[in-house]
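Letter by letter, the chains look like this.
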Amino acid sequence: MSTAHRLARALADLGPRYLPFADAATEELPLGRLLRLSLFQVTVGMAAVLLIGTLNRVMIVELEVPAWIVAVMLALPLLAAPFRALIGFRSDTHRSVLGWKRVPYLWFGTLLQFGGFAIMPFALLILSGDTTGPIVIGQVAAALAFVLVGAGLHTTQTVGLALATDLAPAHARPKVVALLCAMLLAGMMASAVVFGLALHNFSAIRLIQVIQGAALATLILNGIALWKQEPRDTSRRTEAPRRFGDAWQAYAAQPQARRRLIATGLGTAGFSMQDILLEPYGGQILHLPVAATTALTAVLAVGGGAGLITAARWLNRGGDPFRVAAAGAVVGIAAFSAVVFAAPLSSGSLFACGVALIGVGGGLFAHGTLTASMAGAQAEQTGLALGAWGAVQACAAGLAIAASGILRDLGSALAVSGRLGEALSEASTGYLVVYHIEIGLLFATLVAIGPLVRRPDRAPLSARPALP
């Protein structure tokens, strides 16, 4: 046996014991192929960071675009979110001459992302007024770019998750879900670092290079991800097409489907309202330095990774995904309680602990609801079920983030004006209103999940046949 072969065998034996998520691999879906497939989540994370984080700041600060225009542009990708169920359904029933049903939609989503990123920097420069062109051209082009990227992002993620469900055996899906979610976090963290370093010395040319670099990376990584993943089956083109309305009625008629989506929406909103408030809260209320508040992103990501690993191990031992999601909601309630009490106690440590627990709870909840959606769908409805989950999650997160800013400003204005009484005249009141609403939403999530939790005398969800 050669040295190279022995080294490969040693690494293969080492992986499942010491490498995170290495035990997600199976004979049907080896680790190398699974990691390659998960690259689509890296590009989704990269797009999310570029849209919500990097461009948000660049447009307002460096390009001096009015804040209301920025808010509208960042909201445009949400317009594609409700169509995720339709996209998933189309990928379930697509009749390709080449015998593919997922690959064409993955590639189409990739091209939408690439096209949006390709025109975005030039549109933003016109929008900023830094050229001689009419400003309306920049507005229309920027809106088109954000819509294209949003549509591509939602298409790629929905169909990619459906393809992973097709390829992974039922017993390995909880681990596969954890790996895919972890790759999304990894893509977001790596992209945030790269974009921050690349735009440290900002210029228009550097902005163009960064965004078009993201476009090229999306094309390359997604191309690698889908290469030779889906087996060809030319018999699919003989299947009779189904109508989306009929398929949706059949899916919605399942006893668990509607309640599962309601619980997903409530829980996602409960964990998402804090997205734009944690750093300002730490700086304004707890007087933390910029470096400390910036580190909160890493703390949140580490907590999310811990939640994903915990959920994967719990589900691998036969745990109920709804019980996992409920545990995430309970952890979230404790987390936001810690964040709330950090203000009167002036405790940065308690605040950091709360942020980490928000990540843990969010990881448990996302993993549990996604696994339940994968396990509860019939084979021919995988894309539809995952599309519905993604649509509800994206819409709930977007609406929650928008509402949190409004509620925070409204609460602060009422507190400063004295209309809430002397006891609530503190600057933290606006933030605390939002955090208490999040706690209430998570309690409502537990109420919605309760009837879905499996009784101990029932078989695991993955072992039960799909609902008719």
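Presented here is a report on the structure given in the accompanying data block. All values reported here derive from a predicted model rather than from experimental measurement.

Moving on, we get to the overall build of the protein. Per the secondary structure count, the protein includes 18 helices and 0 strands. At a minimum sequence separation of 6, the contacts of the protein that also span at least 24 residues come to 82%. Surface summary for the protein: the accessible area is close to 21,000 Å², and the carbon and sulfur share equals 67%.

Attention now goes to the packing of helix 6 (residues 103–127) against helix 9 (residues 204–226). At their nearest, the axes of helix 6 and helix 9 sit 9 Å apart, and the two run at 175° to each other. With respect to helix 9, the element helix 6 is oriented roughly antiparallel.

Our focus in this paragraph is the packing of aromatic side chains. As enumerated under the stated definition, the model contains 5 aromatic pairs in all. Judged by centre distance (6.0 Å) and plane angle (40°), the ring pair of Phe271 and Phe365 falls under tilted. Here Phe271 is found in helix 11 (residues 257–272), whereas its partner Phe365 is found in helix 16 (residues 348–376), with 94 residues between them in sequence. Consider the rings of Phe336 and Tyr435, whose centres lie 6.3 Å apart with planes at 25°: the pair is stacked.

Enumeration according to the criterion identifies 2 cavities of 30 Å³ or more in this entry. Approximately 30 Å³ is the volume found for the second largest cavity. Along its surface, the second largest cavity is lined by Leu37, Phe40, Leu106, Asn222, Ala225 and Leu226. The biggest single contributor to the lining of the second largest cavity is helix 9, with 3 residues. For the lining of the second largest cavity, the class distribution of residues is 5 nonpolar, 1 polar and no charged.

A few words on unusual backbone geometry. Residues other than glycine predominantly adopt negative phi, and peptide bonds predominantly adopt the trans conformation. One non-glycine residue, Ser346, lies in the positive phi region at around 50°. Following the sequence through the fold, Ser346 ends up in the loop between helix 15 (321–345) and helix 16. On the accessibility criterion, Ser346 (62% relative accessible area) is exposed.

Glancing now at the side chain of Thr155. For Thr155, the location among the structural elements is in helix 7 (residues 135–167). When its relative accessible area of 5% is taken as the criterion, Thr155 is described as buried. Setting aside anything within four residues of it in sequence, one finds Thr155 in contact with Ile87, Tyr105 and Gly109.

Relative to the helices and strands, Leu63 resides in the loop between helix 3 (39–62) and helix 4 (67–75). Considering only alpha carbons, one finds Leu63 and Ile126, 63 residues apart in sequence, at a separation of 9.9 Å.

This part is about the side chain of Thr369. With respect to the helices, strands and loops of the structure, Thr369 is situated in helix 16. According to the relative accessible area criterion, Thr369 is buried, its value standing at 5%.

Here we come to the packing of helix 7 against helix 8 (residues 173–198). One can describe the packing of helix 7 onto helix 8 by two numbers: an axis separation of 10 Å at closest approach and a directional angle of 150°. In terms of axis orientation, helix 7 runs roughly antiparallel to helix 8. For the crossing formed where helix 7 meets helix 8, the hand is right-handed. Counting all contacts with helix 7, which are made through Gln157, Leu161, Ala164 and Thr165, the residues of helix 8 involved are Arg173, Val176, Leu180 and Leu184. Counted by class, the contact of helix 7 with helix 8 contains 5 nonpolar, 2 polar and 1 charged residues.

Thresholds applied
- Sequence order sets the numbering: in each chain, residues are counted from 1 along the sequence as written.
- Where totals are concerned, whole chains, interfaces and linings use all residues; where local detail is concerned, this predicted model gives features only for residues with pLDDT of at least 70, and gives and counts side-chain atom pairs only at 80 or more.
- Processing note: side-chain calculations cover all non-hydrogen atoms of the structure and skip hydrogens and water entirely.
- Secondary structure is summarised from DSSP: a helix means a run of H or I of at least four residues, a strand means a run of E of at least two, and numbering begins at the N terminus for each.
- Note on contacts: a residue pair qualifies if any of its non-hydrogen atoms lie within 4.5 Å across the two residues.
- Here the accessible surface of atoms and residues is derived via Shrake-Rupley with a 1.4 Å probe, and residues count as covered only by protein chains that are part of the display.
- Whenever a helix is involved, its axis is fitted only over the stretch in contact; in every case the axis is a line through C-alpha atoms, and angles between N-to-C directions fall within 0 to 180 degrees.
- Angles are sorted into four bins: roughly parallel if under 35 degrees, roughly antiparallel if over 145, roughly perpendicular if 65 to 115, and oblique for all others.
- Aromatic pairing here means that ring centres of Phe, Tyr or Trp (its six-membered ring) are within 6.5 Å. Orientation follows from the plane angle: under 30 degrees is stacked, over 60 is edge-to-face, and everything else is tilted.
- Definitions used for this entry: grid spacing 1 Å over protein atoms alone; cavity, a set of points where a 1.4 Å probe fits but cannot get out; pocket, an open set with protein on both sides within 12 Å along at least 5 of 7 lines; lining residue, one with an atom within 4 Å of a point.
- Grid points are joined across faces, edges and corners, and a volume is the space filled by probe spheres set on the points.
- Residue polarity follows a fixed list, in which Ala, Val, Leu, Ile, Met, Phe, Trp, Tyr, Cys and Pro are nonpolar, Asp, Glu, Lys and Arg are charged, and the others, Gly among them, are polar.
- The buried label applies to any residue whose accessible area, calculated with a 1.4 Å probe on protein chains only, is under 20% of its type's maximum; exposed applies above 50%, and partly exposed to all values in between.
- If you view the pair so one helix is near and one far, a crossing is left-handed when the near helix is turned anticlockwise from the far one by less than a right angle, and right-handed when it is turned clockwise.

Everything listed here is a matter of coordinates, which is why it stays silent on function.
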